[in-house]
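Notes for the structure review
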Amino acid sequence: MGARVARAGWSWGSWGRRAASTLREPPPDAVDVAELLRDASTAEQGAPEAVARRPPARCSVLLFPGQGCQAVGMGGGLLRFPRVRQLYEAAHRVLGYNLLELCLHGPQEDLDRTVHCQPAVFVASLAAVEKLHHLQPAVIENCVAAAGFSVGEFAALVFAGAMEFSEGLYAVKVRAEAMQEASEAVPSGMLSVLGQRQSNFSFACMEAREHCKSLGIENPVCQVSNYLFPDCRVISGHLEALQFLRKNSAKYYFRRTKMLPVSGGFHTCLMEPAVEPLVKILGMIDIKKPLVSVHANVSGHKYMHPGHIRKLLGQQVVSPVKWEQTMHAIYERKKGTEFPSTFELGPGRQLGSILKNCNRQAWKSYNHVDVMQSSTDPDHSELGWNGPQV
């Protein structure tokens, strides 16, 4: 089933029909904007066999970034496109604060807070879909797969029609608040590590945990939390463990280490307190089967049904992001077969850099949809073409 159907399935309906919750809900009349992102024309139920016959070079894959790529000014290049301002107005009502103002003017330290940057990246990424649809509608219509990194997975699911925008954003809000609270309970963080073939990440993490125990830290956490590309990982855990790894990087054959601008040890058991609030809100959301393939961070495989989505989104908070495995699953094909065009929607080009290191041939058809530009000239150069146009 094509992405034209998925796009028409985007719904921004009211929360008024939901059961009462102990979690604070947005006003029931605040997000009744179901028509905002519907196609101007009636969706066409394309035959599955027609999709199967479409040449790979005509197909597209959409990638949605995660926390850490946020920057003041994001969203500024999208406001002249249809319905983007309404999208931010709806977000204002769901979140209870002016997200657009924060994104455009900062300050950066406020935007970097988990509670703010997760909704900010989510909304900017879906606003970028509006830009892409305006400038290159065939890309949306020919989408065959989508994936999102961490919080970006929610944007991918909303795009694919599995969630309404308002409910997806509210789930992100609950997730971000819970993760912010969990991160403040324990001094923790995330360390990006570029290793070598000799690098043994598991052994390094084990020794870092032993170091923490020698300091009197009970049940120390230090583990791989993101699989990015060969020999590149993100390690999350107690700050003392990460400092130990940086100090002893030569011992473990780490070529480069860098602390990430996040507030906690995400995608580890340190985020366990955030699971229950998220699972609770996911149970209240009307989740549907995605209309295009969406790949899960937890496994790298496609989501199969709504129950699968609820289960894995809850697990995702405390599980490693298997992005390298996801890239292999999406782009694996017989030798000589063409690759689809890939579009990264949202701030930054990190997912494009990872794709380049995972699959250079697929990267040759990578494009970035810029959310920072403020040019008034709506030509295709704004899409940041890296390879051939579709």
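First, a word on scope: everything that follows refers to the structure included in this document. (Residues numbered from 1 in each chain as written. Predicted model: local features only at pLDDT ≥ 70, side-chain atom pairs only at ≥ 80, totals over all residues. Heavy atoms only, no water.)

**A look at the environment of Lys302**
Rule in force here: Only DSSP runs of H or I reaching four residues or more are called helices, and only runs of E reaching two or more are called strands; each is numbered from the N terminus. Burial classification: accessible surface area is computed with a 1.4 Å probe over protein chains only, and a residue below 20% of its type maximum counts as buried, one above 50% as exposed, and the rest as partly exposed. Should any heavy atoms of two residues lie within 4.5 Å, those residues are considered in contact.
Tracing the backbone shows Lys302 in the loop between β7 (293-295) and α13 (306-316). By relative accessible area, Lys302 is classed as partly exposed at 43%. On a C-alpha basis, the gap between Lys302 and Ala146 in space is 9.5 Å, while along the polypeptide they are 156 residues apart. With residues up to four places along the chain from it excluded, the contact list for Lys302 reads Ser293, Val294, His295 and His308.

**Let's talk about the state of the cysteines**
Quick note on the threshold: Here, two cysteine sulfur atoms that lie within 2.5 Å of each other are counted as a disulfide.
Applying the stated criterion across every chain, the model contains 0 disulfides. Summary of cysteine pairing: Cys232 is not part of a disulfide, and the nearest cysteine sulfur, belonging to Cys358, is at 9.2 Å.

**Here's the deal with the sheet that holds β7**
Applicable threshold: Note on pairing: DSSP must find at least two bridges between two strands before they are called paired. Note on geometry: axes are C-alpha line fits, over the in-contact stretch for helices, and angles between N-to-C directions span 0 to 180 degrees.
The 5 strands are arranged β7-β2-β1-β9-β10 in an open sheet whose pairing can be described as parallel. Looking at the sheet topology across the chains shown, the edges are occupied by β7 and β10 (366-369). The average undirected angle you get between the axes of adjacent strands in this sheet is 20°. Looking at chain direction, strand β1 (residues 60-64) and strand β9 (residues 341-345) are connected through 4 bridges and run parallel. The partner of Leu62 across the bridge, within β9, is Phe343.

**Section: the pattern of salt bridges**
Note that side chains of opposite charge can pair when their charged atoms are close. What counts, and what does not: Should a side-chain nitrogen of Lys or Arg be within 4 Å of a carboxyl oxygen of Asp or Glu, the pair is scored as a salt bridge.
Evaluation of the coordinates by the stated rule reveals 6 salt bridges. With its nearest N and O atoms 3.3 Å apart, the salt bridge here joins Lys288 to Asp286. Taking the relative accessible area as the measure of exposure, Asp286 reaches 32% and is therefore partly exposed.

**Here we look at the packing of aromatic side chains**
As a reminder, the rule being used: In this analysis, rings of Phe, Tyr and Trp, with Trp reduced to its six-membered ring, are considered paired at centre separations within 6.5 Å, and the interplanar angle assigns stacked below 30 degrees, edge-to-face beyond 60, and tilted for intermediate values. Criterion for a charge above a ring: Arg CZ or Lys NZ at most 6 Å from the ring centre, at most 35 degrees from the ring normal.
Inspection of the entire model under this criterion finds 7 aromatic pairs. A ring pair is formed by Phe201 and Phe254, whose centres lie 5.7 Å apart and whose planes are at 15°; its orientation type is stacked. Linking Phe201 in helix α10 (residues 201-214) with Phe254 in the loop between α11 (239-247) and β6 (256-259), this pair joins segments that are 53 residues apart in sequence. Phe254 carries the same exposure label as Phe201, and that label is buried. Of the aromatic side chains, those joined through ring pairs into one cluster are Phe201, Phe203, Phe244, Tyr252 and Phe254. Over the ring of Trp363 we find Lys356, and its NZ or CZ is 4.5 Å from the ring centre.

Nothing here speaks to function; it is all geometry.
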